[in-house]
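A closer look at the structure
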Amino acid sequence: AAKTTGKNRAVRFSPDLRTRHLRHVHLAHALRHARSRGELTLAYQPIIDLATGAPTAVEALLRWHPADGTPIGPGTFIPIAEATDLITELGHWVLTRATADAAAWHRTHRTAVTVNVSGRQLRDPAFPGAVAAALRAAGLPPHALILEITENTLLATTPDQTARLTAALARLRESGVRIALDDFGTGYSSLAYLPTLPVDILKIDRSFTTSPAHTDHHRTRAFTKAILDISASLDLTTIVEGVETPDQADLLRTLGARLAQGHLFCRPVPADRVPGLLAAAPWHPTLT
Ligand code: C2E
Ligand code: MG
Ligand code: MG
Ligand code: MG
């Protein structure tokens, strides 16, 4: 473990920690130039109406393909960007790109677009103005944009910070944009919060859909059903993440889930493949 030794404050790393630290520094530096080097793209994953097979929205997911290496996943680089102000710049690029891309899809197919937003972006007083400007520039109506914020970002902070983030969300919502609570069910939140949050959509985390084999299926099923019921009682829409098999989709339909997303329907694809997917919809992967 790292250790501070006396007055010269030298820090000793284990070889493994040192390697990881260097990799982090290297990635942080490379990420700073990724956008200007054209290494960033957006992938889009459809969100499907389980009853009709229609894609009602697509989620924008950031991709980084360094010119001199293999792709690095957002699970790795988003936390690095979030540790600095870099996330503000990247987030702004994502917002601008996604709203511009989605305008055409909304015109032809009424498709909405969802954009993941970090806590640091949301805390930025300029953010609501940037959202409005992006919508105007793209010619996308506010109701066609859904901003996703993770449950952890929103709630695993001090009550004061939560109140500030909640106020920012409420302001965005007043402008007509919809808010989704992402990765719902994985955080440390209390359910008591839920009725007070300015959100429209709950995205039930993948861990509920793909519960490990050793867990009791009846209990996972009962729990998923309970979340769907709570969500309905609060007039919230639910999107179930990580649907990979026809059995999962069938079960979710039985439980009353309306919207789902996952590899069963479609993996995230580059923007230029979206029009073809929308034209080929609806999806009926379990009715074959
Ligand atoms: P998320 O917002 O919960 O996005 C869903 C993740 O689940 C995506 O991973 C997606 O590719 C993956 N996924 C979708 N369907 C399935 C499935 O059936 N099975 C499995 N195993 N996985 C599935 P991805 O693209 O690697 O993104 C990871 C996370 O990075 C996202 O989780 C989100 O929190 C963050 N992220 C991605 N793009 C952005 C962005 O532009 N801004 C911010 N702030 N965060 C982003
Ligand atoms: Mg998301
Ligand atoms: Mg999620
Ligand atoms: Mg996630």
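Read on for an overview of the structure. (Residues numbered from 1 in each chain as written. Chains lettered and ligands numbered in written order. Predicted model: local features only at pLDDT ≥ 70, side-chain atom pairs only at ≥ 80, totals over all residues. Heavy atoms only, no water.)

For the rest of this paragraph, the subject is the coordination of the magnesium ion (ligand 3). Taken together, the protein donors to the magnesium ion (ligand 3) comprise Asp182 (OD), Asp183 (OD), Glu241 (OE) and Glu241 (OE), at separations of 2.0 to 2.7 Å. Spacing between the donor residues of the magnesium ion (ligand 3) along their common chain follows D-D-x57-E. Between the two metals, the magnesium ion (ligand 3) and the magnesium ion (ligand 2), the spacing is 4.0 Å, and Asp182 donates to both. Of the two residues, Asp183 sits in strand β7 (residues 178–184) while Glu241 sits in the loop between β9 (237–240) and α10 (246–255), which places them 58 residues apart along the sequence. (Donors = N, O, S within 2.8 Å, 3.2 Å for Na, K, Ca; no water. Helix = DSSP H or I, 4+ residues; strand = E, 2+ residues; numbered from the N terminus.)

Inspection of α10 places Gln248, Ala249, Leu252 and Leu255 among the buried residues, and these make up the whole buried set. Looking straight down α10, one finds its buried side chains confined to an arc of 125°; they lie on one side. Looking at α10, the residues exposed on the side facing more than 90 degrees away from the buried face are Asp247 and Thr254. If you follow the buried residues of α10, they end up packed against α8 (206–209), α9 (217–233) and β9. Immediately beyond the C-terminal end of α10, within one or two residues, lies Gly256, with a positive phi of roughly 95°. (Buried < 20%, exposed > 50% of the residue type's maximum accessible area, 1.4 Å probe, protein only. Arc of directions from axis to C-beta. Contact = heavy atoms within 4.5 Å.)

Structurally, Pro141 is set in the loop between α5 (127–138) and β6 (145–150). Residues Pro141 and Leu252, 111 residues apart in the sequence, show an inter-C-alpha distance of 31 Å.

Glancing now at helix α1 (residues 15–34). Here α1 is 20 residues long and its end C-alpha atoms lie 28 Å apart, about the 28 Å a rise of 1.5 Å per residue gives. Of the residues making up α1, those classed as buried are Leu27, Ala30, Leu31 and Ala34. Burial along α1 is one-sided: seen end-on, the buried residues are contained in an arc of 105°. Turned more than 90 degrees from where α1 packs its buried face, His26 and His29 sit exposed. Of the surrounding secondary structure, the elements contacted by the buried residues of α1 are β3 (40–49), β4 (55–64), α2 (74–82) and α3 (86–109). (Expected span 1.5 Å × (residues − 1).)

A few words on the site of ligand 1. In the neighbourhood of ligand 1, 21 residues make up the surrounding shell, with Arg63, Asn116, Asp182, Glu244 and His263 lying closest. Between ligand 1 and the protein, one listed contact pairs an oxygen atom with a side-chain N or O atom of Asp182 at 2.8 Å. Contact distances for ligand 1 include 3.2 Å between an oxygen atom and a side-chain N or O atom of Glu241. Taking 800 Å² as the accessible area of ligand 1 by itself, protein coverage stands at 81%. Listing elements by their share of the shell around ligand 1, those giving two or more residues are β4, α2 and β7. When residues of the shell around ligand 1 are assigned to their parent elements, the largest contribution, 4 residues, is made by β4. The class makeup of the residues in the shell around ligand 1 is 7 nonpolar, 6 polar and 8 charged. (Near = heavy atom within 4 Å. Polar contact = N/O pair within 3.5 Å; in protein donor to acceptor, adjacent residues only side chain to side chain. Areas by Shrake-Rupley, 256 points an atom, 1.4 Å probe, with all protein chains shown as cover. Nonpolar A, V, L, I, M, F, W, Y, C, P; charged D, E, K, R; others polar.)

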